[in-house]
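Chains, contacts and geometry: an overview
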Amino acid sequence: MTTTDHAHDSGAHSDPTLYRTPADAVAAPPEELAYVVGFDPTAQRADALFTVGTDPESPLYGRVISHVELPDLGNELHHFGWNACSSALAHAGHHHAARRYLIVPGLRSSRLHVLDTGPDPARPRLVKVIEPDELAAKAGYSRPHTLHCGPDGMFLSCLGGADGADGPGGVALLDHESFEVLRAWESDRGPQWFAYDLWWHLRQNIAVTSEWGTPSMIEDGLVPELLLDRRYGHALHFWELDSGRHLQRVDLGDENQMVLELRPAHDPEATWGFTNTVANVEDLSASVWLWNREDEDFVVRKVITIPAEPARTEDLPPALQPFGAVPPLIADIDLSVDDQWLYVSAWGTGDLFQYDVSDPSRPRQTASVRLGGVVGRQPHPAEPDTPLTGGAQMVELSRDGRRVYLTNSLYSAWDAQFYPAGIDPWMVKLDADTSHGGLSVDSRFFPHGPDFLGLRVHQTRLQGGDASSDSYCYRR
């Protein structure tokens, strides 16, 4: 798996959006389109993939250009990814790989939908549906959650065992081009049982996985008894990437429940990255942690704590009234491609925080913006008299780090608990100061409500790649 700086220098790749280095990705032309998944929480209408214009010089800026409805119901589209990314350059045999297809899992249905963004990137089309029985029969998994494109195929993290069984969750491998489910990735899973995200350090042949819970623990929402009994996931796992062999488990402490997003450094020589925990059962705070390799083992340390905010009982949804506070509920984090800026979304309070992580062991907060939130419902500047529902949730960052995109729904069962009045979909863009730090909301960019046909929107992917899509093979 280890690559060298000469492994693929001999010729240009056929797809210019497969970048050799992080610097190449930063310098490439900006995205003109964003792809956003929308779902119907009642499962009565078809979920859809929306295409949104992101070129500020275009009359379609901030507008939904097209949408593709899926042919089946009850998918709950959640996280999705590309069939090929820059990691394909790790092997010369993938010289013809191209970032063209979006693989869109249904978290509840366990179906995978393949959408072709060519020949017209503004109007993707559905070309294949992979049924849950194939995922179950060939890999032994269900409830696909997160897809990343790797050097040898696509890695699909799944929360459940075959046919929705309560674990173990794990990772299925899919073919880059045929999209066929190949097998389970793990050869020796050690103590790992829960799954959520997967990422890696390509040059070091190291993979990292995180933990949420099994299908029964998540499908009906956050279960207070499980949370207070500290039964959700609270560890990171480190693996050999090529073999799928478990190497090390690092427990973050069972009071720190639900270890979710993984954001490794984009520098291919680095061995550090960030993860987040959703809730501390002792004080409802949320936190961000830094992992790093020291000698042969990995260590994980807490580097950011965001406290809960006291609130009047009558202002809180029933799920939070016994606590008298709004937990931040860190639901997503994103690291800029140059590894200088970390973004942290607190879905409970509605905050998006920006941190300078030039020294990753000592993040320094440089800005924050509040949109929505359980109590505040902070409006968008384009409609200052309309309180927003939901809160800053999924974060996507442009490759040059200057544009931050947010959506507001987490997961239908959680939405109902924390925002019981309902969530009206919205997508916003913020402009980021990448010199000294700073965030401002773009008042021109605000697709919402009927723009998304009333479907709730979750993850965003950007044309040509984004900060959470790619891993890079070369430093320079």
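Just so it is clear, the structure is predicted and the values come from calculations on it, not from any experiment. (Residues numbered from 1 in each chain as written. Predicted model: local features only at pLDDT ≥ 70, side-chain atom pairs only at ≥ 80, totals over all residues. Heavy atoms only, no water.)

Here's the deal with the packing of aromatic side chains
Going by this rule: For Phe, Tyr and Trp, where Trp contributes only its six-membered ring, two rings pair if their centres lie within 6.5 Å, and the inter-plane angle classes them as stacked under 30 degrees, edge-to-face over 60, or tilted in between. Counting from the N terminus, the helices are the DSSP runs of H or I reaching at least four residues and the strands are the DSSP runs of E reaching at least two. Only protein chains enter the accessibility calculation, which uses a 1.4 Å probe; a residue whose area is less than 20% of its type maximum is buried, one above 50% is exposed, and one in between is partly exposed.
Per the stated rule, a full pass over the model turns up 19 aromatic pairs. When the centroid spacing of 5.2 Å and the interplanar angle of 50° are considered together, the rings of Trp-185 and Trp-239 count as tilted. Highlighted residues: Trp-185 in the loop between β11 (181-184) and β12 (198-201) and Trp-239 in strand β14 (residues 235-240), separated in sequence by 54 residues. You'll find Trp-185 and Trp-239 in the same group, each marked buried. Ring-pair connections join several aromatic residues into one group, and the members of that group are Tyr-196, Trp-212, Trp-347, Tyr-411, Trp-414, Phe-418 and Tyr-419.

Focus on the sheet that holds strand β6 (residues 112-116)
How we decide: Two strands pair if DSSP finds at least two bridges between them.
In spatial order, the strands read β4-β5-β6-β7; together these 4 strands make up an open sheet with antiparallel pairing. Taken across any chain shown, the strands that pair with only one partner, and hence form the sheet edges, are β4 (81-82) and β7 (125-130).

Considerations on the sheet that holds strand β15 (residues 246-251)
Going by this rule: Simply put, an axis is a line fit to the C-alpha atoms, just over the touching stretch for a helix, and the angle between two N-to-C directions goes from 0 to 180 degrees.
Reading across from one edge, β12-β13-β14-β15 is the order of the 4 strands in this open sheet, with antiparallel pairing throughout. Across the chains shown, the open sheet's two edge strands, defined by having one partner strand only, are β12 and β15. The average undirected angle you get between the axes of adjacent strands in this sheet is 20°. Examined bridge by bridge, strand β13 (residues 206-209) and β14 share 4 bridges and lie antiparallel to one another.

Considerations on the state of the cysteines
Formally: Note on disulfides: each one is a pair of cysteine sulfur atoms within 2.5 Å.
Scanning the model with the defined rule gives 1 disulfide in all. Cys-85 shares a disulfide with Cys-149; S-S distance 1.8 Å. Taking the sign of the torsion about the S-S bond as the criterion, the disulfide between Cys-85 and Cys-149, at about -45°, is left-handed. A residue pair is termed long-range when its members are at least 10 positions apart, and Cys-85 in the loop between β4 and β5 (101-105) and Cys-149 in strand β8 (residues 141-149) qualify at 64 residues. Overall, Cys-85 belongs to the buried group, its relative accessible area being 1%.

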